[in-house]
Amino acid sequence: MTTRASRYVATFSRHNGNVDNTGNPTYSIPADWDVVADDIPVSLMGAGGGEAAYDRQQTERSTHNLYCDYWDGVSAGIDVTMRVQVNGETFSIVHIGNPDGIQREMEIEVKREV
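What counts and what doesn't
- Residues numbered from 1 in each chain as written.
- Predicted model: local features only at pLDDT ≥ 70, side-chain atom pairs only at ≥ 80, totals over all residues.
- Heavy atoms only, no water.
- Helix = DSSP H or I, 4+ residues; strand = E, 2+ residues; numbered from the N terminus.
- Buried < 20%, exposed > 50% of the residue type's maximum accessible area, 1.4 Å probe, protein only.
- Phe/Tyr/Trp six-rings, centres within 6.5 Å; stacked < 30°, edge-to-face > 60°.
- Pairing = 2+ DSSP bridges.
- Axes fitted to C-alpha atoms, helices over the stretch in contact; angles between N-to-C directions.
- Salt bridge = Lys/Arg side-chain N within 4 Å of Asp/Glu carboxyl O.
- Core = buried A, V, L, I, M, F, W, Y, C linked by side-chain atoms within 4.5 Å.
- Contact = heavy atoms within 4.5 Å.

Caption draft 1: Molecular detail of the overall build of the protein. Of regular secondary structure, the protein possesses zero helices and eight strands. Along the protein, helices (α) and strands (β) appear in the sequence β-β-β-β-β-β-β-β when read from the amino end. Residues counted as buried form 32% of the 114 residues belonging to the protein.

Caption draft 2: Region of the structure containing the packing of aromatic side chains. All chains considered together, the criterion is met by one aromatic pair. Look at Tyr-27 and Trp-33: their rings are 6.0 Å apart centre to centre, the planes differ by 40°, and that puts the pair in the tilted class. Since its relative accessible area comes to 49%, Tyr-27 is described here as partly exposed. The exposure class assigned to Trp-33 is buried, which follows from its relative accessible area of 11%.

Caption draft 3: Up close: the sheet that holds strand E7 (residues 89-97). Overall, antiparallel pairing links the six strands, which are arranged E1-E2-E5-E8-E7-E6 in a closed barrel. Pairwise comparison of adjacent strand axes, ignoring direction, gives a mean angle of 45° for this sheet. Note: strand E1 (residues 8-15) against strand E6 (residues 83-86), four bridges, orientation antiparallel. Within the sheet, the bridge partner assigned to Ala-10 lies in E6 and is Val-86.

Caption draft 4: Quick look at the pattern of salt bridges. Under the counting rule described, the total for this entry stands at three salt bridges. Of the charged contacts, one joins Arg-14 and Asp-79 as a salt bridge, the two residues approaching to 2.9 Å between their closest N and O atoms. With Arg-14 in strand E1 and Asp-79 in the loop between strand E5 (64-69) and E6, the pair connects residues that are 65 residues apart, well separated along the chain. With relative accessibility at 30%, the residue Arg-14 sits in the partly exposed group. Between Glu-89 and Arg-112 there is a salt bridge, with its nearest N and O atoms 2.6 Å apart.

Caption draft 5: Just the pairing of E5, in detail. Burial analysis of E5 places six of its six residues in the buried class, the great majority of the element. Residues His-64, Leu-66 and Cys-68 line one face of E5 and the alternating positions Asn-65, Tyr-67 and Asp-69 line the opposite face, and both faces are buried. As paired elements, strand E2 (residues 33-46) and E5 share four bridges and run antiparallel to each other. From the neighbouring strand, Leu-44 faces E5, where its bridge partner is Leu-66.

Caption draft 6: Representation of the nonpolar core. Counting residues in hydrophobic clusters, the biggest one holds 17 residues, and the most contacted among them are Phe-12, Val-84, Ile-93 and Ile-108. Within the residue set of this core, elements represented by two or more residues are E1, E2, E5, E6, E7 and strand E8 (105-112). Discounting chain neighbours no more than four positions away, the residues touching Val-84 are Ala-10, Thr-11, Phe-12, Leu-66, Glu-89, Thr-90, Phe-91, Ile-93 and Val-110.

Written out as structure tokens, the structure reads:
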């Protein structure tokens with residue numbers, strides 16, 4: 001069990017692959033996201049933010065960190081191509097970590113979508 005208080009519930013979604021008439025993914029259409037895991041208790045903490053240079057491009061860093069218990073099956077299916085909704089806000093997943101190394105808690109770095 002996580003030692004942080006889980007004050008929110010999260011919904012993890014994966015894009016279903018739909019594209020518009022020009023062949024671009026329809027990320028902005030809510031109906032094109034399939035729920036993978038729902039009502040997952042999480043703790044949400046703000047992160048430093050800012051920008052970083054990766055491969056000569058500026059990209060913003062994570063804005064928040066999510067912490068939740070690790071569940072076999074559900075947690076194994078969560079990856080960086082997904083997004084998560086917490087408390088009415090939508091976040092892109094940037095990185096998923098296993099800080100204790102024994103799969104008891106997940107640390108998920110996210111970036112607020114605008």
